[in-house]
Amino acid sequence: MFGTYKRWSTAVLIISDIVVINLAFALSYYIRYELQWIRDVAEAFYVPFTAYVPVSLALTAILLLVFKVEGLYDRRRGSSWLDDVYTIFTGTLASIAIMIFIFFLYRADFYSRLIFLYAVLLIGTFLSLSRLAERQIAHYMRRRGVGVDRVLIVGAGVVGRAIMRSILARPELGYRP
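A short tour of the structure in this document, coming up. These figures come from a predicted structure and were not determined experimentally.

**Examining the nonpolar core**
Right, so step 1: Counting residues in hydrophobic clusters, the biggest one holds 34 residues, and the most contacted among them are Tyr 52, Val 55 and Ile 123.
Right, so step 2: Looking at this core, the elements with two or more residues in it are α1 (2-35), α2 (53-70), α3 (81-106) and α4 (114-143).
Right, so step 3: Sorting elements by how many residues they give to this core places α4 first, with nine residues.

So this is what it looks like as structure tokens:
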């Protein structure tokens, strides 16, 4: 049962990451070019969002690849939300560094560098919040019996009782004796 649930939850997680990454990048553009926080954009350097669509798509692909390599989509029981947050921010920083390297390599001068700072902060924050929501939903589903695996504890000795207490003390792991 956990195998099917795990595949579906991972697929939903990847799709939600794609949506969140692109929304955060669009908001980064809005903050940079429309609200013009931190530094004004001269009229000569104003770039429409359509010029950033390939950047957003490339960044999404790089982020998904980096997150896969970092193990963010390997659903491990017992990992904490802070583990996910750390992986999200390190993966986002690495991806943005790759994007900046590509831009300097091709000498794309019309892209704002400040948008990448906004993107790191917003993508990291939004993905972290989406992971928190995903954990709350998973906890709710496990209380309803979805994604829960039954386990058989062999042995009634001290070790068997300790394992049983550990399983009962951590229902968020999704095991039921």
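**Description of the side chain of Ser 128**
Right, so step 1: Tracing the sequence through the fold places Ser 128 in helix α4.
Right, so step 2: Classification of Ser 128 by relative accessible area gives buried; the value is 5%.
Right, so step 3: Discounting residues that sit within four places of it in the chain, Ser 128 has contacts with Trp 81, Val 85, Ile 88 and Phe 89.

**Describing the packing of aromatic side chains**
Right, so step 1: A full pass over the atoms with the stated rule returns six aromatic pairs.
Right, so step 2: When the ring of Phe 25 is compared with that of Tyr 52, the centres are 6.1 Å apart and the planes differ by 55°; the resulting orientation is tilted. Here the residue Phe 25 occupies a position in helix α1, and Tyr 52 occupies one in the loop between α1 and α2, the gap between them amounting to 27 residues.
Right, so step 3: Taking the relative accessible area as the measure of exposure, Tyr 52 reaches 0% and is therefore buried.
Right, so step 4: Where Tyr 29 meets Phe 49, the ring centres are 5.1 Å apart and the plane angle is 65°; that geometry is what we call edge-to-face. Separated by 20 residues along the polypeptide, Tyr 29 in helix α1 and Phe 49 in the loop between α1 and α2 bring together distant segments of the chain.
Right, so step 5: By relative accessible area, which is 29% here, Phe 49 ends up partly exposed.

Cut-offs applied
- Throughout this description, residue numbers start from 1 for each chain and increase along the sequence as written.
- For this predicted model, a pLDDT threshold of at least 70 governs which residues receive local features, and a threshold of 80 or more governs which side-chain atom pairs are given and counted, while totals over whole chains, interfaces and linings are taken from all residues.
- Computation of side-chain values: all heavy atoms of the structure, hydrogens and water removed.
- The term nonpolar core refers to a set of buried residues drawn from Ala, Val, Leu, Ile, Met, Phe, Trp, Tyr and Cys, joined through side-chain atoms within 4.5 Å.
- Residue burial is assigned from relative accessible area. The probe radius is 1.4 Å, only protein chains are included, and a residue is buried under 20% of its type maximum, exposed over 50%, and partly exposed in between.
- Where helices and strands are cited, they refer to DSSP runs of H or I of at least four residues and of E of at least two residues respectively, numbered from the N terminus.
- The contact definition used throughout considers only heavy atoms, calling two residues in contact when any of these lie within 4.5 Å.
- The pairing test for Phe, Tyr and Trp rings, Trp by its six-membered ring, is centres within 6.5 Å, and the orientation test on the planes gives stacked under 30 degrees, edge-to-face over 60, and tilted for anything in between.

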